[in-house]
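Topology and contacts: notes
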Amino acid sequence: MTKLNFLLILAVLILSSCSSGQKKNTVSISTASTGVVKNHDLEFPLYLTDKIELRESVIGKTNADVFIVHTGHLLKANASKAVNEASLESLKGKGIDVVNLSIEDFIIADQQEISFEKYPQKFLNSSVVNLNEDNIIAKSNITPYIIHDGVALIGLSDKNIDKLLSMDKFLVSDYVLAVLRARKAALKDSSLDGTPSTPLHSFVIVHTMGPDINEVMERLPPNFINSLAD
């Protein structure tokens, strides 16, 4: 059975399965929340940003293989619908691989009648629930996980919302259930690909929860590590 290494970062949690059975399970902590995530288990640069940056600019700081993740809170409660739609429109052509939507983004979009589906951008959401549908929000371009080069990204939302907003229609799912649900779906999807160019070997949890992610780690089932391994 393969062993797993953990890298815990304030904006990313990486759960990686290693090909070598000799490695022990380890946990390391970094304070990185934006910029390049450095970890030997990632075979490509993972770049986190809370701004809309040109891919060419990010490549200049990393390399052409970079995977760019916007960490969310893209829409603003004090901005007009036109301004927020302009922000979404400005994503076109920027080369940002995925935007991790926050519950605040969903609330603002709902109140201003903005449809994320109108935009070609890929969005990530593993934890925000629409109470009217009683399910994690998923659309044609909003997915609970993204698989890239053998790495599955799972996106959790923090619970930070502007004081002008309320959570009447939306809520953040229990984080542990959200992680387990997205992991199961990603593993199932990966298993359907009989000859993947790069087998799924790691999970990256994108979040802006800060130290609160520690409680999620503590609440994961005792067999969680082994359940990730082959």
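From a predicted model like this one, the values you see are computed outputs, not experimental measurements.

The rules behind these values
Residues numbered from 1 in each chain as written. Predicted model: local features only at pLDDT ≥ 70, side-chain atom pairs only at ≥ 80, totals over all residues. Heavy atoms only, no water. Pairing = 2+ DSSP bridges. Helix = DSSP H or I, 4+ residues; strand = E, 2+ residues; numbered from the N terminus. Contact = heavy atoms within 4.5 Å. Axes fitted to C-alpha atoms, helices over the stretch in contact; angles between N-to-C directions. Buried < 20%, exposed > 50% of the residue type's maximum accessible area, 1.4 Å probe, protein only. Salt bridge = Lys/Arg side-chain N within 4 Å of Asp/Glu carboxyl O. Phe/Tyr/Trp six-rings, centres within 6.5 Å; stacked < 30°, edge-to-face > 60°. pLDDT = per-residue confidence, 0-100.

A look at the sheet that holds strand E14 (residues 170–172)
One open sheet holds the 3 strands; their spatial order is E10-E9-E14, and the pairing between them is antiparallel. Where the open sheet ends on each side, the last strands, each with one partner, are strand E10 (135–136) and E14. Across 2 bridges, strand E9 (residues 128–130) lies against E10 in antiparallel orientation. Bridge pairing links Asn-130 to Asn-135 in E10. Contacts from helix H3 (residues 103–111) reach E9 and E14, with the element oriented near 175 degrees to E14.

Some thoughts on H3
Counted residue by residue, H3 has 7 buried out of 9 residues, so it is predominantly covered. Within H3, the full set of buried residues consists of Ile-103, Glu-104, Asp-105, Phe-106, Ile-107, Ile-108 and Ala-109. Backbone geometry just downstream of H3 places Glu-113 in the positive-phi region, at approximately 55 degrees.

Concerning the pattern of salt bridges
Tallying each qualifying case throughout the model produces 8 salt bridges. Across the salt bridge formed by Glu-85 and Lys-118, the nearest N and O atoms sit 3.9 Å from each other. With Glu-85 in helix H2 (residues 81–89) and Lys-118 in the loop between H3 and strand E8 (123–124), this residue pair connects regions lying 33 residues apart in the sequence. Look at Lys-118 and you get exposed, because its relative accessible area is 56%. In this structure, Lys-169 engages Asp-110 in a salt bridge whose closest nitrogen and oxygen atoms are separated by 2.8 Å.

So, the side chain of Ser-173
Here Ser-173 lies in the loop between E14 and helix H4 (175–192). Residue Ser-173 is classed as buried on the basis of its relative accessible area, which comes to 10%.

Things to note about the packing of aromatic side chains
Think of a pair of aromatic rings as described by two things: how far the centres are apart, and how the planes are tilted against each other in angle. Taken as a whole and assessed by the stated rule, the structure comprises 4 aromatic pairs. Measuring from centroid to centroid gives 6.3 Å for Phe-106 and Phe-170, while their planes differ by 25 degrees, and the two rings are stacked. In this pair, Phe-106 sits in helix H3 while Phe-170 sits in strand E14, placing the two residues 64 residues apart along the sequence. Here Phe-106 and Phe-170 have matching classes, each one buried. Among the aromatic side chains, those forming a connected cluster through ring pairs are Phe-106, Phe-116, Phe-123 and Phe-170.

Considering the confidence of the model for the protein
Looking at the protein, pLDDT values average 84 and 82% of them are 70 or higher. The low-confidence segment residues 18–31 (pLDDT under 50) makes 27 contacts with residues lying over four places distant or belonging to another chain. Across residues 226–230 the pLDDT falls below 50, and counting only partners more than four positions away or on other chains, this stretch makes 10 contacts in the model.

Describing the sheet that holds strand E6 (residues 67–70)
What the 6 strands build is an open sheet, ordered E4-E5-E6-E7-E8-E11; its pairing is mixed. The sheet terminates laterally at strand E4 (35–37) and strand E11 (142–143), the two strands that pair on one side only. Pairing of E6 with strand E7 (residues 98–100), which is carried by 2 bridges, proceeds in the parallel orientation. The residue of E7 that forms the bridge with Val-69 is Val-98.

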